[in-house]
Amino acid sequence: MKILVVDDEQLLVKGIKFNLENEGYQVLTAYDGAAAVELARRESLDLIILDLMMPQLSGSEACMKIREFSDVPIIMLTARSEDADKLMGFACGADDYVTKPFNILELKARIKALLRRARGPARPGRNSALLTAGDLSLDTEQRVAIRDGRTIDLTAKEYDLIELLMKNPRRVYSRESLMNLVWGYSYAGDYRTVDVHIRRLREKLERVPAEPEYIMTKWGVGYYFAGENQPTV
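This structure is a prediction, so every number in the text was calculated from the model and none was measured. (Residues numbered from 1 in each chain as written. Predicted model: local features only at pLDDT ≥ 70, side-chain atom pairs only at ≥ 80, totals over all residues. Heavy atoms only, no water.)

Draft legend 1. Summary view of helix α6 (residues 156-167). Counted at 1.5 Å a residue, the expected span for α6 with its 12 residues is 16 Å, and the 17 Å between its end C-alpha atoms agrees. With 11 of 12 residues buried, α6 is to be regarded as a mostly interior element. When we look at burial in α6, the residues that qualify are Ala156, Lys157, Glu158, Tyr159, Asp160, Leu161, Ile162, Glu163, Leu164, Leu165 and Met166. (Helix = DSSP H or I, 4+ residues; strand = E, 2+ residues; numbered from the N terminus. Expected span 1.5 Å × (residues − 1). Buried < 20%, exposed > 50% of the residue type's maximum accessible area, 1.4 Å probe, protein only.)

In structure tokens form, the structure reads like this:
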């Protein structure tokens with residue numbers, strides 16, 4: 001597994017690299033956003049750890065550029081714990097965030113969880129991989145959405161979220177439930193992360209995001225998927 005670590009604090013990068021290599025990962029490093037984008041474009045990466053505040057090109061700008069050509073899982077590092085910084089990271093396409101200073105064991109745990117979710121469970125047959133509702137389909141092996149014959153790349157968390165909703169149509173999930181089921185842990189009560197991902201999914205999957213057909217809101221309760229799915233066996 002190949003991981004890219006990007007931060008302008010070279011000592012921090014060195015420490016993360018040392019710890020991850022001891023876990024058996026292959027680790028590439030960079031110290032600014034521009035180099036991160038170039039490496040992401042050139043290398044076949046399994047995950048990126050990206051600092052939010054960097055010279056030349058910020059982490060958020062680098063994340064958006066990477067999302068133009070890749071759905072590689074991205075963990076954002078931020079020195080600030082303000083909600084606005086965290087939400088900005090998610091809005092730019094990050095899958096997770098860690099606030100500095102952080103425990104290296106927590107970072108390792110989040111890396112493993114994100115890689116596991118990005119790989120998805122092993123499935124025995126190619127024909128069993130398609131989940132369809134109306135004109136929207138999910139390929140559960142390639143972890144992509146399909147609409148009108150067009151493949152739509154999703155980030156790891158975007159995919160996990162829409163797959164959960166599609167597999168349980170008309171079941172209303174609170175934001176807290178979605179956070180626990182999709183992310184696997186709580187962001188200290190900050191469930192607006194779910195709202196950001198729902199908005200991004202609507203922008204990618206709905207014909208008119210402001211008037212969704214599938215990803216619906218139950219006001220004051222949570223979110224649900226409106227269409228009945230038809231698994232292909």
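Draft legend 2. Inspection of the pattern of salt bridges at higher detail. Inspection of the entire model under this criterion finds 20 salt bridges. The residue Glu38 makes a salt bridge to Arg42 at a minimum N-O spacing of 3.7 Å. Residue Glu38 and its partner Arg42 are located together in helix α2 (residues 33-42), separated by 4 residues, close to a single helical turn. We classify Glu38 as partly exposed; its relative accessible area is 41%. (Salt bridge = Lys/Arg side-chain N within 4 Å of Asp/Glu carboxyl O.)

Draft legend 3. Summary view of unusual backbone geometry. With omega at -10°, the peptide bond leading from Lys100 into Pro101 counts as cis. Mapping Pro101 onto the fold places it in the loop between β5 (96-99) and α5 (104-119). Although it is not a glycine, Arg170 adopts a positive phi angle of roughly 70°. Relative to the assigned elements, Arg170 resides in the loop between α6 and α7 (175-183).

Draft legend 4. How the structure looks around the packing of aromatic side chains. Applying the stated rule across the entire model yields 1 aromatic pair. Pairing Tyr214 with Phe225 gives two aromatic rings, centres 5.4 Å apart and planes at 10°, and the pair type is stacked. On the criterion of sequence distance, the pair formed by Tyr214 in the loop between α8 (192-205) and β10 (215-218) and Phe225 in strand β11 (residues 222-225) is long-range, its members being 11 residues apart. Neither Tyr214 nor Phe225 differs from the other in exposure class; each is buried. (Phe/Tyr/Trp six-rings, centres within 6.5 Å; stacked < 30°, edge-to-face > 60°.)

As far as function goes, none of this settles anything; it's purely spatial.
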